[in-house]
Amino acid sequence: MSICPKNKSSKARRDSRRANWKMSAPNLVKCSKCGALMMPHRVCKACGSYNKKEIISVED
């Protein structure tokens, strides 16, 4: 078996295959304690809470 492709792939076929490699915007939700936007299932950077419980102390 050969690793080399049998035929040349055109630039249009190559580029259309790579057309969907774009990044998506991060999904943000409101913090249940302070209302700041944060990534889901992570500690809030504004108030330091997760699931309405204070996990880390944040200096103001």
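This text goes with the structure placed above it.
Because the structure is a prediction, the values reported are computed rather than measured.

**Q** Hey, could you go over the overall build of the protein chain for me, with residue numbers and the actual values?
**A** In terms of regular secondary structure, the protein chain is built from 1 helix and 4 strands. Moving toward the C terminus, one meets the helices and strands of the protein chain in the order α-β-β-β-β. The C-alpha radius of gyration of the protein chain comes to 23 Å, more than 25% above the 10 Å expected for a compact globule of 60 residues. A principal-axis box enclosing the C-alpha atoms of the protein chain has dimensions of 60 × 25 × 20 Å. A burial count over the protein chain gives 10% of its 60 residues as buried. For the protein chain, the proportion of contacts with a sequence separation of at least 24, taken over those separated by at least 6, is 0%. Here the protein chain displays about 6,100 Å² of accessible surface, and carbon together with sulfur accounts for 55% of that area. Taking the average place of the 14 positive charges on the side chains of the protein chain and the average place of its 4 negative ones, the gap between the two points comes to 23 Å.

**Q** Quick rundown of a nonpolar patch on the surface? Include the residues and the values.
**A** A cluster of nonpolar side chains, namely Val43, Tyr50, Ile55, Ile56 and Val58, defines an oily patch on the protein surface of about 390 Å² accessible area. Along the polypeptide, valine 58 turns up in the segment after β4 (53-54). Looking at valine 58, the relative accessible area reads 33%, which means it is partly exposed.

**Q** Kindly report on the pattern of salt bridges, identifying the contributing residues and their values.
**A** Using the criterion set out here, one finds 1 salt bridge in the structure. Arginine 14 is the partner of aspartate 15 in a salt bridge, and the nearest nitrogen-oxygen pair spans 3.0 Å. Its relative accessible area of 31% is what places arginine 14 among the partly exposed residues.

Cut-offs and rules
Residues numbered from 1 in each chain as written. Predicted model: local features only at pLDDT ≥ 70, side-chain atom pairs only at ≥ 80, totals over all residues. Heavy atoms only, no water. Helix = DSSP H or I, 4+ residues; strand = E, 2+ residues; numbered from the N terminus. Rg over C-alpha atoms; globule rule 2.2 N^0.38 Å. Buried < 20%, exposed > 50% of the residue type's maximum accessible area, 1.4 Å probe, protein only. Contact = heavy atoms within 4.5 Å. Areas by Shrake-Rupley, 256 points an atom, 1.4 Å probe, with all protein chains shown as cover. Lys, Arg positive; Asp, Glu negative; His and termini not counted. Charge placed at Lys NZ, Arg CZ, Asp CG, Glu CD. Patch = residues over 30% accessible without salt bridge, like charges linked within 9 Å, V, L, I, M, F, W, Y side chains within 5 Å. Salt bridge = Lys/Arg side-chain N within 4 Å of Asp/Glu carboxyl O.

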